[in-house]
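Secondary and tertiary structure notes
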Amino acid sequence: MTTLYLVRHGETEDNVNQIMQGQTQGRLTANGIVQAQEVRDKMASESFAAIIASDLKRSVDTATIIAEPHHLTVVQTPLLRERDWGGFTGRYIPDLKGEVWPDDIETLENLLSRAGEFIAFVKKTYPGKKVLAVGHGIINKAVQAVYYGKSMSEVQRMMNAEVRILEL
């Protein structure tokens, strides 16, 4: 059985400013760096076969910090990218309440499909191993929805640098 340690990236400037980041790169705040260091320190004694991250900077930076004691190169994948929010990207989140969703937002079906592909990738590539993966709030929610066979609304939101363990 493969054990997946699913992590959300550390706090970013856009998180603090309530900006819809989507697939923008993002920049960790000083607090976000500390959060990643705390995860690194908690996970230092674990033996991971791989540390994987979304290919967006905020996740790569978080994963790179966590990977330090393991001397592993971070494997990047677009499968773990955050949901593409299309025309909502870069907007102030409170202003979006009640707005009609633009047609260019990534569909829920596509998001859940990517989540399933990610789970299949981890199981096939790292069978019976421990893997740590750094993603984003919504894609991590999708990974858990697929894993548990639940709807997205049934999965509790992950906080920055939170870790959840899934047995695949």
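Here, the structure is the one placed above.
These numbers were taken from a predicted model, which means no experiment stands behind them.

Our focus in this paragraph is the overall build of the protein. The helix and strand tally for the protein stands at 5 helices and 5 strands. Expected size for 168 residues packed as a compact globule is a radius of gyration near 15 Å; at 15 Å, the protein falls within 12% of this value. Here the protein, with 168 residues, has 48% of them falling under the buried criterion. In the protein, 72% of the contacts between residues at least 6 apart in sequence involve partners at least 24 apart.

Here helix α2 (residues 30–43) crosses helix α3 (residues 57–67) at 40°, and the two axes come no closer than 8 Å. In terms of orientation, α2 lies oblique with respect to α3. Viewed along their axes, α2 and α3 form a crossing whose handedness is right-handed. Note on element contacts: α3 touches α2 through Thr-62, Ile-65 and Ile-66, opposite Ile-33, Ala-36, Gln-37, Val-39 and Arg-40.

Enumeration over the complete set of coordinates arrives at 5 aromatic pairs. Ring plane angle 85° and centroid distance 5.1 Å describe the contact between Tyr-5 and Phe-48, whose orientation is recorded as edge-to-face. Of this pair, Tyr-5 sits in strand β1 (residues 3–8) while Phe-48 sits in the loop between α2 and β2 (50–54); the two residues are 43 residues apart in sequence, bridging distant segments of the chain. Taking the centre distance of 4.6 Å and the plane angle of 80° together, the rings of Tyr-147 and Tyr-148 count as edge-to-face. Accessibility expressed as a relative area gives 29% for Tyr-147, which makes it partly exposed. Each member of the aromatic cluster is reached from another via a ring pair, and the members are Trp-85, Phe-88 and Trp-101. The positively charged end of Lys-150 is found above the aromatic ring belonging to Tyr-148, 5.8 Å away from the centroid.

This part is about α3. Side chains of residues three or four places apart in an α-helix project in the same direction, reflecting 3.6 residues per turn. In terms of burial, α3 is largely enclosed, as 8 of its 11 residues are buried. All of the buried residues along α3 are Arg-58, Ser-59, Val-60, Thr-62, Ala-63, Ile-65, Ile-66 and Ala-67. Where α3 is buried, its residues meet β1, α2, β2, β3 (75–77) and β4 (130–135).

Analysis parameters
- Residues numbered from 1 in each chain as written.
- Predicted model: local features only at pLDDT ≥ 70, side-chain atom pairs only at ≥ 80, totals over all residues.
- Heavy atoms only, no water.
- Helix = DSSP H or I, 4+ residues; strand = E, 2+ residues; numbered from the N terminus.
- Rg over C-alpha atoms; globule rule 2.2 N^0.38 Å.
- Buried < 20%, exposed > 50% of the residue type's maximum accessible area, 1.4 Å probe, protein only.
- Contact = heavy atoms within 4.5 Å.
- Axes fitted to C-alpha atoms, helices over the stretch in contact; angles between N-to-C directions.
- Parallel < 35°, antiparallel > 145°, perpendicular 65-115°, else oblique.
- Left-handed = near helix turned anticlockwise from the far one by under 90°.
- Phe/Tyr/Trp six-rings, centres within 6.5 Å; stacked < 30°, edge-to-face > 60°.
- Lys NZ or Arg CZ within 6 Å of the ring centre and 35° of its normal.

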